[in-house]
Amino acid sequence: MNWNDPAARLALIEQVGVDEYNRRIKDHFDEMTVSVVNGHAIRIVDSSRFGQLFLVGDTGIAFAKFEQTEKHANSIEAGNT
């Protein structure tokens, strides 16, 4: 499954339904989580423009270096992961 492909994700939703899709994407997010910092799950994401990045929880903010990600996660309000 290419989780970076919106068309593939839509096809999966249509094939398995919303509940099963949500279970599978949660499993994927859990597999991609490399650390939890200040309550924020830090997970690896791929960007066609920037390559591999580290995403800070559900903030929509990502960094190329883990150290930057960790610093940012510690500078914002604690998450609840």
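Shown above is the structure to which this text applies.
S.K.: Give me the packing of aromatic side chains: which residues, what numbers.
M.R.: For the structure on display, the rule yields two aromatic pairs. Ring centres of Trp3 and Tyr21 lie 5.9 Å apart, and the angle between their planes is 55 degrees; on these two criteria the pair is classed as tilted. Here the residue Trp3 occupies a position in the segment before α1 (6-16), and Tyr21 occupies one in helix α2 (residues 18-32), the gap between them amounting to 18 residues. For Trp3, a relative accessible area of 13% gives the class buried. With relative accessibility at 8%, the residue Tyr21 sits in the buried group. A cation over an aromatic ring shows up here: Arg43 above the ring of Phe29, its NZ or CZ 3.7 Å from the ring centre.

S.K.: Give me the lowdown on the pattern of salt bridges, citing residues and values where you can.
M.R.: Inspection of every chain in the model, using the stated rule, returns four salt bridges. Residue Glu20 pairs with Arg23 through a salt bridge whose shortest N-O separation is 2.7 Å. Taken as a pair, Glu20 and Arg23 lie in helix α2 at a separation of three residues, close to a single helical turn. The salt bridge involving Arg24 is made with Glu20; its shortest N-O contact spans 2.9 Å. Placement of both Arg24 and Glu20 in helix α2 is noted, with a separation of four residues, approximately one turn of the helix. It is possible to trace a salt-bridge network through shared partners that takes in Glu20, Arg23, Arg24 and Asp27.

S.K.: Report on the pairing of strand β3 (residues 51-56), specifying residues and quantitative values.
M.R.: In this structure, strand β2 (residues 40-47) lies alongside β3, joined through six bridges in antiparallel fashion. Paired with Ser47 across the two strands is Gly51, which belongs to β3. Between β2 and β3, which pair antiparallel in sequence order, lie three residues. Relative to strand β4 (residues 62-63), β3 runs antiparallel, the two sharing two bridges. Each bridged residue has a counterpart across the sheet, and for Leu55 the counterpart in β4 is Ala62.

S.K.: How would you explain the pairing of β2 if you had to name every residue and give the values?
M.R.: Relative to β2, strand β1 (residues 33-37) runs antiparallel, the two being bridged by four bridges. Note that in β2 the partner of Ser35 across the bridge is Ile42. The hairpin turn running from β1 into β2, its antiparallel successor, is two residues long, and Asn38 in that turn takes a positive phi close to 55 degrees.

Conventions adopted
Residues numbered from 1 in each chain as written. Predicted model: local features only at pLDDT ≥ 70, side-chain atom pairs only at ≥ 80, totals over all residues. Heavy atoms only, no water. Phe/Tyr/Trp six-rings, centres within 6.5 Å; stacked < 30°, edge-to-face > 60°. Helix = DSSP H or I, 4+ residues; strand = E, 2+ residues; numbered from the N terminus. Buried < 20%, exposed > 50% of the residue type's maximum accessible area, 1.4 Å probe, protein only. Lys NZ or Arg CZ within 6 Å of the ring centre and 35° of its normal. Salt bridge = Lys/Arg side-chain N within 4 Å of Asp/Glu carboxyl O. Pairing = 2+ DSSP bridges.

These figures come from the coordinates and say nothing about function on their own.
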